[in-house]
Each structure stands twice: as C-alpha cells, then as structure tokens.
Amino acid sequence: MARLPPPRRLWRLLSRAIGDVLPKGLYARSLIIIIAPVVLLQSVIAYTFMERHWQLVTRRLSAAVTADVAALIDVYESYPQDKDAETLTRIAGTRLNLDLDILKGATLPPAGPRPFFSILDEVLSDEIKRQIRRPYWIDTVGRSSLIEIRVAIPDGVMRVTARRSMAYASNSHIFLLWMSGSSLVLLGVAILFLRNQIKPILRLAAVAESFGKGREIEFRPRGAREVRQAGHAFIEMKRRIERAMEQRTTMLNGVSHDLRTIITRFKLTLALIDQTADVEDLQRDVDEMSRMLEAYLAFARGDSGEAAVPTDMRALLEDLRTDVERLGAHVEAIEIDGEASVTLRPDAIRRCLFNLAANAARYGDTVAVVGRREARAFLVSIDDDGPGIPADQREEVFKPFVRLDDARQDAGGSGLGLSIARDIARAHGGDVSLHDSPLGGVRATVRIPA
C-alpha cells in the first residue's frame with residue numbers, strides 16, 4: 001500500500017491545484033474575494049430560511065387544512081342524518097373557508113405526475129397520510145390560486161377546494177427576491193468601486209512596461225494612498241534613471257572630445273614626419289584606436305534619445321536586405337508572417353539588425369531573414385551558413401570586447417557588434433539569443449515586445 005504524502009505536501013498540492021484553476025488577474029481575484037463571501041452567505045441564509053421558516057410555516061398551514069378536512073370527514077360519517085351534506089357544506093364554507101362537495105359513487109382519478117420541486121405537494125401529502133390515512137388525490141398545480149383535495153369515503157369521494165394561501169406560505173419567496181435583488185445591487189456598486197480602484201494599478205503596470213520598452217510615457221499617480229505612493233516612487237525612479245543616462249552621455253561626450261583631440265594630434269604628428277614602416281604601423285594603430293573609441297562610445301551611449309513610433313517591419317527588413325547585399329552576401333529570403341507593424345525606435349532596431357546581419361555576412365555566404373508575429377512579441381531570425389559558434393560560448397560573445405579563438409572570431413571589428421545589438425534589444429524590453437541555424441551556421445533571434 002502506497003504511503004500517503006505528509007500533510008504539508010498535500011496542502012502544497014491542493015494550493016497548486018486551486019491556483020491553476022483561479023484566474024491570474026488582480027481584478028478577477030478581487031471580484032472573487034468580494035463575490036464569493038456574499039454568495040456563500042446568501043446561500044446559507046436561503047437554505048436556513050427554506051429549512052427552518054418556509055417549510056415549517058408551510059407544514060403548519062398544511063396540517064391545519066388537513067385537520068379541517070379530517071374533521072369534515074368525521075362529522076360526515078358520524079352524523080348521517082345530513083344526507084345531502086348541505087349543513088356540512090355551509091359550515092365548511094362559512095367557518096372554514098373551504099368548498100365542500102360529496103361526489104357519491106365517484107372514484108379517485110388516476111395519480112398525475114408530481115411536480116419536480118413543490119414543498120406544498122410533499123408536505124400536504126405527508127399530513128394527509130398522517131392524519132386521514134385514506135386513499136387520496138391532490139392537485140396543487142392545476143389552478144395556481146387553489147388546491148384540490150379528494151379523499152375516498154364509503155359512498156364516494158369528498159372533494160375539498162381551498163385557497164392556496166391557506167396551506168402554503170406563498171409570500172415567503174418575496175424575502176428571497178428582496179435578498180437576491182439587494183445583493184445584486186450592492187455587488188454592482190462594489191464592483192464599480194473596485195474597478196475604479198484597480199484602474200490606477202493597471203495603469204501603473206502598463207506605464208512601467210512601456211518605460212521598460214523605451215517608449216515615451218505620461219503618468220499621473222491616482223487611486224488610493226498606497227497606489228499613489230507606488231506611482232510617485234516609480235516616477236522618482238524614472239527620473240533617477242534618466243538623470244543617470246543623461247550624466248553618462250554627457251561624460252562620454254566629454255571623454256570623446258578629449259580623446260579625439262589627442263588622436264588628432266597623433267595623426268598630425270605622424271603626417272609631418274617621414275613615412276617609414278614604423279610610422280605606417282603607428283598610423284594603423286591610431287586608426288584602430290579611433291575605430292575602437294567610436295565603437296565603445298556608440299555602445300555606451302546607446303540610442304536613448306530616439307522616440308518609439310509604429311514601424312513597418314516589412315520596409316525595415318527590405319532595407320536590411322539592401323545593406324547586407326552591399327556587404328557581398330547573398331540574402332536568400334525576406335519572409336514576414338502576421339501583422340508587421342510594431343512600436344519601436346526604428347533607427348536603433350535597424351542598427352541592431354544590421355549588426356547581426358553584418359556579422360552573419362562576414363562569416364557566411366548566404367543570409368536568410370524571417371520575421372513572424374507572436375501573441376505579445378515580434379521575432380526576427382537571421383540565419384547564416386558560416387562556421388557557427390559552440391553552444392557553450394554563445395553567451396560569451398555578447399560580452400564587450402570578447403573575441404572567439406576559433407574560426408569565427410571578430411578579426412576586423414571591435415568586439416562590440418553583438419553587445420550593441422543585445423543592448424538595443426533589451427532597451428526595448430526584448431532580447432537577442434543565438435541558436436543552431438538550419439543553414440548550418442548560427443541563427444540570431446531578436447525578440448521585440450509588441
């Protein structure tokens with residue numbers, strides 16, 4: 001026999017199962033928190049009312065009507081001198097509010113189908129069985145305002161007709177209607193107020209996501225005090241990030257100006273002296289230093305000043321085809337699957353894709369570019385037929401100035417192309433990843449949140 005898991009594990013499994021069933025959104029969970037207790041409370045109250053009040057009152061009223069019918073039967077059988085039952089009929093009508101008929105020689109009609117849910121039918125039948133103990137036939141649904149009771153007597157059938165309200169608590173459902181109606185009204189008001197309280201939280205989440213994608217945002221904190229505090233904290237964080245980026249850009253511009261001045265002096269000095277092999281080597285070193293400086297400044301500065309706008313990825317990828325073909329590579333295909341409009345910074349993404357495509361063209365002869373739309377992102381895959389990159393080194397190549405030791409090393413670049421591409425993608429809230437390509441080389445996949 002298998003051992004049962006400990007209680008903690010059972011609780012964990014139960015919590016996980018409930019969590020999988022429950023909705024994930026804050027608004028939906030808040031609605032459940034409000035609605036579930038109200039529905040549970042109303043159900044308990046309704047059940048208690050049905051069991052303790054409605055059925056009890058109905059049983060007592062039905063017992064009284066049944067007692068009156070039993071008394072009429074006893075009087076009819078005990079005093080045979082009233083052969084036509086005129087006196088008994090008059091007493092039943094004036095004193096008991098019952099219509100009495102003696103159907104001599106008649107028999108009980110066949111029993112009809114019982115109502116699916118009728119407290120009166122069930123309770124009245126029980127009382128007749130308990131008090132009269134004779135064959136009977138009742139109709140509680142034929143005429144909505146009346147009930148008919150027929151009881152077998154020695155010379156025929158006694159038919160008694162009574163108002164439904166005499167045996168049934170007919171106005172009890174009004175309590176349930178009022179209770180349900182008031183609950184719906186209160187729930188509607190609560191849901192309306194809850195929605196207004198949830199809106200600022202959803203707005204804050206949307207603004208934070210837009211800021212993470214590098215888009216321009218306008219946000220004013222609203223809602224409850226705690227939500228406004230979170231909103232003000234987000235605005236202050238946004239200001240600090242923007243201030244840090246601005247300071248970094250200003251510092252790099254200063255460094256760029258100072259270093260360029262020194263490099264220019266080197267170039268002028270080398271141009272004025274005799275051209276020898278050593279001088280040419282120095283000039284190549286200065287040119288490489290200048291290119292590395294520009295690449296480093298471009299990587300550190302980024303493209304934060306550009307605004308995000310809706311961009312047609314088809315046109316952008318067609319421009320990419322032209323740029324790649326200028327590098328001497330053959331572009332096999334440009335494919336777009338799904339909606340191609342994405343909100344992004346077009347110049348930055350163009351630079352990101354060009355860096356990846358140029359890297360593919362440098363090490364391969366054929367390049368294939370495919371774009372496809374997913375639920376919340378747009379993916380661009382760039383394949384090449386080059387030597388590839390080992391799986392254990394695919395994350396290393398994204399680090400600045402890292403060069404591989406195998407055949408796919410960046411011999412002519414600065415080692416910042418892939419780093420700049422990933423930095424731009426992550427500034428949009430996406431990423432760049434490397435995989436095996438169907439062409440035999442590397443597939444670079446850019447994910448851009450849509």
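Residues numbered from 1 in each chain as written. Predicted model: local features only at pLDDT ≥ 70, side-chain atom pairs only at ≥ 80, totals over all residues. Heavy atoms only, no water.

(A) Layout of the overall build of the protein. Broken down by element type, the protein carries 10 helices and 11 strands. Taking all 450 residues of the protein together, 35% fall into the buried category. Taking as baseline every contact in the protein between residues at least 6 positions apart, the subset at least 24 positions apart corresponds to 65%. For the protein, the computed accessible surface area is about 27,300 Å², with 56% contributed by carbon and sulfur atoms. (Helix = DSSP H or I, 4+ residues; strand = E, 2+ residues; numbered from the N terminus. Buried < 20%, exposed > 50% of the residue type's maximum accessible area, 1.4 Å probe, protein only. Contact = heavy atoms within 4.5 Å. Areas by Shrake-Rupley, 256 points an atom, 1.4 Å probe, with all protein chains shown as cover.)

(B) Layout of the side chain of R150. Following the sequence through the fold, R150 ends up in strand β3 (residues 146–153). There is a polar contact of 2.6 Å between the side chain of R150 and the side chain of E148. Discounting residues that sit within four places of it in the chain, R150 has contacts with L108, P109, P135, Y136, W137, V157, M158 and R159. (Polar contact = N/O pair within 3.5 Å; in protein donor to acceptor, adjacent residues only side chain to side chain.)

(C) Summary view of a positive patch on the surface. Together, R8, R9, R12 and R16 make up a positively charged patch on the protein surface. Relative to the assigned elements, R12 resides in helix α1 (residues 7–21). What makes R12 partly exposed here is its relative accessible area of 48%. (Patch = residues over 30% accessible without salt bridge, like charges linked within 9 Å, V, L, I, M, F, W, Y side chains within 5 Å. Salt bridge = Lys/Arg side-chain N within 4 Å of Asp/Glu carboxyl O. Lys, Arg positive; Asp, Glu negative; His and termini not counted. Charge placed at Lys NZ, Arg CZ, Asp CG, Glu CD.)

(D) Geometry of the packing of aromatic side chains. With the rule as written, the count across this model stands at one aromatic pair. Across from the ring centre of F398, 3.7 Å away, lies the NZ or CZ of R422, which sits over that ring. (Phe/Tyr/Trp six-rings, centres within 6.5 Å; stacked < 30°, edge-to-face > 60°. Lys NZ or Arg CZ within 6 Å of the ring centre and 35° of its normal.)

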